[in-house]
Amino acid sequence: MKGYYFITDARLSRAGNISDVQNALAAGVRVVQYRDKWADDAALIAEARLLRRLCQGAFFLINDRVEVALAVGADGVHLGQKDLSCREARRWLGAGKIIGITVNTMEQALEAARQGADYLGVAPIFATHTKPDAGVPAGLRLLREVRRRVNLPLIAIGGINQDNAPAVIAAGADGICAISAVVTRPDVQAAISGFQRLFG
């Protein structure tokens with residue numbers, strides 16, 4: 001789980017989720033997380049099925065909704081601190097699925113690892129307007145601490161752009177996500193490729 005980690009955002013996107021995911025895959029993205037907190041269940045499942053078919057050769061994860069992940073045959077889920085626990089999600093999904101957990105503190109990171117998370121989303125690294133409830137920025141300090149104490153892939157998210165991304169990677173991130181720095185651009189593939197190059 002290394003490189004740019006793509007999360008959809010239909011409200012920020014210029015061209016829509018389908019186009020964005022196609023461009024992300026063309027840029028070599030290996031993980032796509034489908035997040036839409038505003039669509040009704042029928043629309044959510046319908047679009048998720050379309051995106052699932054596109055993501056051959058890349059992991060397709062659903063944000064928050066374990067039942068949607070099951071309905072569309074996703075590779076797993078990404079859960080926040082207010083969602084199902086990792087342990088409970090594992091009971092639903094089984095051993096073969098991927099479960100990522102967003103963590104905002106060292107204690108949360110250790111607990112997620114104890115419960116069997118496959119990777120952690122460390123957030124928010126910097127201030128972000130993409131997710132209003134993201135919480136107080138942790139800076140690079142938390143990322144470095146989690147890197148020292150947890151042996152899981154770490155995805156950094158929150159306020160990341162081309163200028164600060166190298167420092168985030170140097171602090172221990174295996175992957176980075178920068179939603180507004182990508183989906184608001186006229187050329188999504190080129191924007192993602194710029195981040196991908198940072199990983200060598």
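Okay, the packing of helix 1 (residues 17–26) against helix 2 (residues 41–54) next. Interaxial distance between helix 1 and helix 2 falls to 10 Å at its minimum, and their mutual angle equals 20°. One finds that helix 1 runs roughly parallel with respect to helix 2. The interaxial crossing formed by helix 1 with helix 2 has right-handed handedness. Along its contact with helix 1, which presents N17, I18, V21, Q22 and L25, the element helix 2 presents E47, L50, L51 and L54. Its residues assigned to classes, the contact of helix 1 with helix 2 shows six nonpolar, two polar and one charged.

Attention now goes to the packing of aromatic side chains. Summed over the entire model, instances satisfying the criterion amount to three aromatic pairs. Judged by centre distance (5.9 Å) and plane angle (50°), the rings of Y5 and Y119 are tilted. One end of the pair, Y5, is in the loop between strand 1 (3–4) and strand 2 (6–7); the other, Y119, is in strand 7 (residues 119–122), with 114 residues separating them in the sequence. Its relative accessible area of 1% is what places Y119 among the buried residues. Ring geometry for Y34 versus F60: centroids 6.5 Å apart, planes at 25°, classification stacked. Note that Y34 is positioned in strand 3 (residues 31–34) and F60 in strand 4 (residues 59–63), a separation of 26 residues in sequence. On the accessibility criterion, Y34 (2% relative accessible area) is buried. Overall, the relative accessible area of 0% leaves F60 in the buried class.

Moving on, we get to a nonpolar patch on the surface. Taken together, the side chains of L70, L84 and W92 make up a nonpolar region of the molecular surface, amounting to roughly 290 Å² of accessible area. Residue class for W92 comes out partly exposed when judged on its relative accessible area of 49%.

Rules of the game
- Residues numbered from 1 in each chain as written.
- Predicted model: local features only at pLDDT ≥ 70, side-chain atom pairs only at ≥ 80, totals over all residues.
- Heavy atoms only, no water.
- Axes fitted to C-alpha atoms, helices over the stretch in contact; angles between N-to-C directions.
- Helix = DSSP H or I, 4+ residues; strand = E, 2+ residues; numbered from the N terminus.
- Parallel < 35°, antiparallel > 145°, perpendicular 65-115°, else oblique.
- Left-handed = near helix turned anticlockwise from the far one by under 90°.
- Contact = heavy atoms within 4.5 Å.
- Nonpolar A, V, L, I, M, F, W, Y, C, P; charged D, E, K, R; others polar.
- Phe/Tyr/Trp six-rings, centres within 6.5 Å; stacked < 30°, edge-to-face > 60°.
- Buried < 20%, exposed > 50% of the residue type's maximum accessible area, 1.4 Å probe, protein only.
- Patch = residues over 30% accessible without salt bridge, like charges linked within 9 Å, V, L, I, M, F, W, Y side chains within 5 Å.
- Areas by Shrake-Rupley, 256 points an atom, 1.4 Å probe, with all protein chains shown as cover.
- Salt bridge = Lys/Arg side-chain N within 4 Å of Asp/Glu carboxyl O.

Treat this as a map of the structure, not an account of what it does.
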